[in-house]
Amino acid sequence: MELLIRNGRVVDPESRTDETLDILIADGRIAALGPRIEAPAARTVDASRLVVVPGLIDMHVHLREPGFEAKETIATGGRAAARGGFTSVCAMPNTDPVNDSPKVTLAILAEAARSSPVHVFPIAAVSKGSKGEELVDMAALLEAGAVAFSDDGRPVAGARFMRRALESAKTLGALIIDHCEDRDLAGDGVMHEGEVSRRLGLPGIPASAEEVAVARDIILAAETGARVHIAHLSTRGGALALCAAKEHGVAASAEVTPHHLLLTEAALEGRDTNFKMNPPLRRSEDAAALVLAMASGVVDVVATDHAPHTSEEKGRGFEKAPFGVVGLETAVSLILDRLVQKDIISLGRFAELFSAGPARLLGLRTKGRIAVGADADLTLINLAREVTVDRKAFVSKGRNTPFEGWKLRGSAVMTIVGGKVVYPSDHDPAPGRGGAARKPGKRG
């Protein structure tokens, strides 16, 4: 059946569109785009007072399957993504077994096709077992369906090995995503090294642990001509290095997370493990620099680094609890409320960071845009809808959010994947005023 989205404010960064239009969807693709489309047989969604953006893409998610299904599964993570407004997620490879072979990649894709309401794009490991010793067969993994390579969860430690990985990726046109951390400098740190860590008596991770690794990767990318993407950028120095690299034509890109934009080391005064992540929350100067880098175009993507853990794991005390926070169900409202509503970024920039940017980096040519022939992946947003972060209402198995109780304005109210409405579903709450589907009828 055809689906007609009527009277939505269509915001598409690729075409620089920002106007009220109708969108007709057929056979999983956008069939028509324009004012007053007539399609009497189509199911109709009244998008008046809603914003329609290209389906959001989270290029950094830990779905935990295979191997750690107590934390998350492809099914629960996919449902959390749909509820959060994401139509596609990229699954990091630190599973058990590690996604370092076509067999694992294909198994992830098969499970996603069976159980996930959103697209799942596997990111394969750079090295076998993510041990930094032997390169994976990148060509075979790309053929199986991997969209990029990362040892995330661990940095690519050796400079010589990283250069070899970049050289191999360059020949294939592939993207390397690196968790930039010098482990010698990071040591056994559990939070940012600074005034707060010293006051709490906790071992710290200095900003230089990230900045040294970022500089190394940029130098190697310049030398090899390969593309490198900096995962979860967290420091002012890292942002400045990235800015300089782009000014000199280096093929470097980066993502930033909502928690690094909106929180600082001060949040750790209570030793709440829901504020423990890697890289850690930094100084207010770092957060401000990241916001500026994101708003100005230095940072390319907002990603969640969704990292669910069990309550038992997070309850082990600050030094023993694992790093990581969840983000799929909070990211959109956080950025809308704290950055879009305050005119720090525009809706067009929001869509660029969450959709067009990751689609471009990952080579997803039919995604990240609203145009005739593009995939019918769309996110409908109600800028006026008020939400309160409530971990008990999460679809994700993970409850480890640092934003519990935050009151936010702006939310995804409908998620459409391949022309199918996947949120709200029978298991989800109503989407709020303006987002309900109705039967075909006269234009209203």
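Residues numbered from 1 in each chain as written. Predicted model: local features only at pLDDT ≥ 70, side-chain atom pairs only at ≥ 80, totals over all residues. Heavy atoms only, no water.

*Asks:* Got a minute to help me understand the overall build of the protein in this structure?
*Replies:* Counting its secondary structure elements, the protein contains 13 helices and 19 strands. The C-alpha atoms of the protein give a radius of gyration of 21 Å, which matches the 22 Å a tight globule of 444 residues would have. In terms of principal-axis extent, the alpha carbons of the protein reach across some 65 × 50 × 40 Å. Taken over 444 residues, the protein has a buried fraction of 59%. Look at the contacts in the protein between residues 6 or more apart in sequence, and 75% of them connect residues 24 or more apart. Total accessible area on the protein stands at roughly 17,100 Å², and carbon and sulfur atoms take up 50% of it. Looking at the protein, you have 54 positive and 57 negative side-chain charges, and the mean spots of the two groups are 5 Å apart. (Helix = DSSP H or I, 4+ residues; strand = E, 2+ residues; numbered from the N terminus. Rg over C-alpha atoms; globule rule 2.2 N^0.38 Å. Buried < 20%, exposed > 50% of the residue type's maximum accessible area, 1.4 Å probe, protein only. Contact = heavy atoms within 4.5 Å. Areas by Shrake-Rupley, 256 points an atom, 1.4 Å probe, with all protein chains shown as cover. Lys, Arg positive; Asp, Glu negative; His and termini not counted. Charge placed at Lys NZ, Arg CZ, Asp CG, Glu CD.)

*Asks:* What is the right way to look at the nonpolar core in this model?
*Replies:* Nonpolar side chains in soluble globular proteins generally cluster together in the buried interior. Counting residues in each nonpolar core, the largest one holds 79 residues, and the members touching the most others are Phe86, Val89, Phe149, Ile176, Leu233, Met294 and Phe350. Top element by residues in this core is helix α12 (residues 331-340). It accounts for six residues. In contact with Val89, not counting residues within four places along its chain, are Asp58, Val61, Leu63, Ala81, Val118, His119, Val120, Phe121 and Leu328. Ranked by size, the runner-up nonpolar core spans 20 residues in total, among them Leu3, Val45, Val52 and Met414. (Core = buried A, V, L, I, M, F, W, Y, C linked by side-chain atoms within 4.5 Å.)

*Asks:* Is there a simple way to think about the confidence of the model for the protein in this case?
*Replies:* In regions of low pLDDT, the predicted coordinates are not meant to be interpreted in detail. Residues at a pLDDT of 70 or more form 96% of the protein, whose mean pLDDT is 95. Taken as a whole, residues 430-444 scores under 50 in pLDDT and shows 38 contacts with residues more than four places along the chain or in a different chain. (pLDDT = per-residue confidence, 0-100.)

*Asks:* Explain the packing of aromatic side chains to me, please; I cannot follow it from the model alone.
*Replies:* Considering all chains together, one arrives at three aromatic pairs under this definition. Pairing Phe350 with Phe354 gives two aromatic rings, centres 4.8 Å apart and planes at 40°, and the pair type is tilted. Residue Phe350 and its partner Phe354 are both found in helix α13 (residues 347-362); the two are separated by four residues, about one turn of the helix. The burial state of Phe350 is the same as that of Phe354; both residues are buried. Considering the side-chain rings of Phe403 and Trp406, the 4.8 Å spacing of their centres and the 80° angle between planes classify their relative orientation as edge-to-face. By relative accessible area, which is 2% here, Phe403 ends up buried. In this arrangement the basic side chain of Lys276 is found over the ring face of Phe318, its NZ or CZ atom lying 5.6 Å from the centre. The lysine or arginine in question, Lys276, covers the ring of Phe323, its NZ or CZ lying 4.8 Å from the ring centre. (Phe/Tyr/Trp six-rings, centres within 6.5 Å; stacked < 30°, edge-to-face > 60°. Lys NZ or Arg CZ within 6 Å of the ring centre and 35° of its normal.)

*Asks:* Would you mind going over the sheet that holds strand β14 (residues 252-256) with me for this structure?
*Replies:* The pairing of strands in a sheet happens through backbone hydrogen bonds and is either parallel or antiparallel. With parallel pairing, eight strands are arranged side by side in an open sheet as β6-β7-β8-β9-β10-β13-β14-β15. Only two strands of the sheet have a single neighbouring strand rather than two, namely β6 (56-61) and β15 (301-302). Across four bridges, strand β10 (residues 175-178) lies against strand β13 (residues 227-230) in parallel orientation. When the sheet's bridge partners are listed, Ile176 is paired in β13 with Val228. Packing of helix α7 (residues 207-224) onto the sheet brings it into contact with β10, β13 and β14, and relative to β13 it is tilted by some 165°. (Pairing = 2+ DSSP bridges. Axes fitted to C-alpha atoms, helices over the stretch in contact; angles between N-to-C directions.)

*Asks:* Would you take a moment to explain the packing of helix α4 (residues 159-172) against α7 for this structure?
*Replies:* In a pair of packed helices, the angle between the axes and the distance between the axes together describe the arrangement. Closest axis-to-axis distance for the α4/α7 pair is 10 Å, and the angle between their directions is 45°. Taken together, α4 and α7 sit at an angle that is classed as oblique. Handedness of the crossing formed by α4 with α7: right-handed. In contact with Ala159, Met162, Arg163, Leu166, Glu167 and Lys170 of α4, α7 contributes Arg216, Asp217, Leu220, Ala221, Glu223 and Thr224. Taken together, the residues of the contact of α4 with α7 sort by class into five nonpolar, one polar and six charged. (Parallel < 35°, antiparallel > 145°, perpendicular 65-115°, else oblique. Left-handed = near helix turned anticlockwise from the far one by under 90°. Nonpolar A, V, L, I, M, F, W, Y, C, P; charged D, E, K, R; others polar.)

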